[in-house]
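Chains, contacts and geometry: an overview
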Amino acid sequence: MSRRTNRVQRKVRVPSSKRKKANTTKVEKPGEIPCGISSCDGFADKHKGGRSLSQENAIDTWGEGTFSVRKNRVRVCKGCYKAWKKDNKDDTSSHY
Ligand SMILES: [Zn+2]
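No experiment lies behind these values; they were computed from the predicted model shown.

Looking now at the overall build of the chain. Counting its regular elements, the chain contains four helices and two strands. When the elements of the chain are put in sequence order from the N terminus, they spell out α-β-α-β-α-α. Scored against the burial criterion, the 96 residues of the chain give a buried share of 18%. The long-range fraction of contacts in the chain, counting pairs at least 24 apart against all pairs at least 6 apart in sequence, stands at 58%.

Here it is as structure tokens:
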């Protein structure tokens, strides 16, 4: 090891006791609307890509009684919406 590095390292060193952590903790906005599918623990918030389906749509894919309904709609998270869409894509791809 050469001594030349000593100078450089001094600059990088930060006393660990001085860590700023008081009010800077980043609070990520948690989901507010839980996914309606009972086997799923995702969130159906709009900012998380959630959607709402009709009860019939939900029954088609997940079956009756496996989801909760809000105002006649079933709120689903992004992942569940994708799953539903996959299940119902006969509109778009039956031509092939
Ligand atoms: Zn879900």
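That shown, we press on.
A few words now on the nonpolar core. In summary, soluble globular proteins display a tendency toward joint burial of nonpolar side chains. Core analysis: the biggest nonpolar cluster contains 13 residues, and Cys35, Ile37, Val76, Cys77 and Cys80 have the highest contact counts within it. Elements that contribute at least two residues to this core include exactly helix H2 (55-62), strand E2 (73-76) and helix H3 (78-87). Looking at this core, the element that brings in the most residues is H3, giving three residues. When near neighbours in sequence (up to four residues on either side) are disregarded, Cys80 contacts Cys35, Ile37, Cys40 and Gly42.

Let us now look at the confidence of the model for the chain. Summary statistics for the chain give a mean pLDDT of 82 and a share of 67% for residues scoring 70 or more. Taken element by element, the predicted model of the chain shows its lowest mean pLDDT in helix H4 (residues 90-93) (58) and its highest in E2 (97).

Remark: H2 packs on H3, axes separated minimally by 10 Å, with the N-to-C direction vectors making an angle of 80°. With respect to their mutual orientation, H2 and H3 come out roughly perpendicular. Counted together, Asn57, Asp60 and Thr61 of H2 and Ala83, Trp84 and Asp87 of H3 form the full contact between these two elements. Its residues placed into classes, the contact of H2 with H3 shows two nonpolar, two polar and two charged.

Analysis parameters
- Residues numbered from 1 in each chain as written.
- Predicted model: local features only at pLDDT ≥ 70, side-chain atom pairs only at ≥ 80, totals over all residues.
- Helix = DSSP H or I, 4+ residues; strand = E, 2+ residues; numbered from the N terminus.
- Buried ≥ 20, exposed ≤ 12 C-beta atoms within 10 Å, placed from the backbone.
- Contact = placed C-beta atoms within 7 Å.
- Core = buried A, V, L, I, M, F, W, Y, C linked by C-beta atoms within 7 Å.
- pLDDT = per-residue confidence, 0-100.
- Axes fitted to C-alpha atoms, helices over the stretch in contact; angles between N-to-C directions.
- Parallel < 35°, antiparallel > 145°, perpendicular 65-115°, else oblique.
- Nonpolar A, V, L, I, M, F, W, Y, C, P; charged D, E, K, R; others polar.

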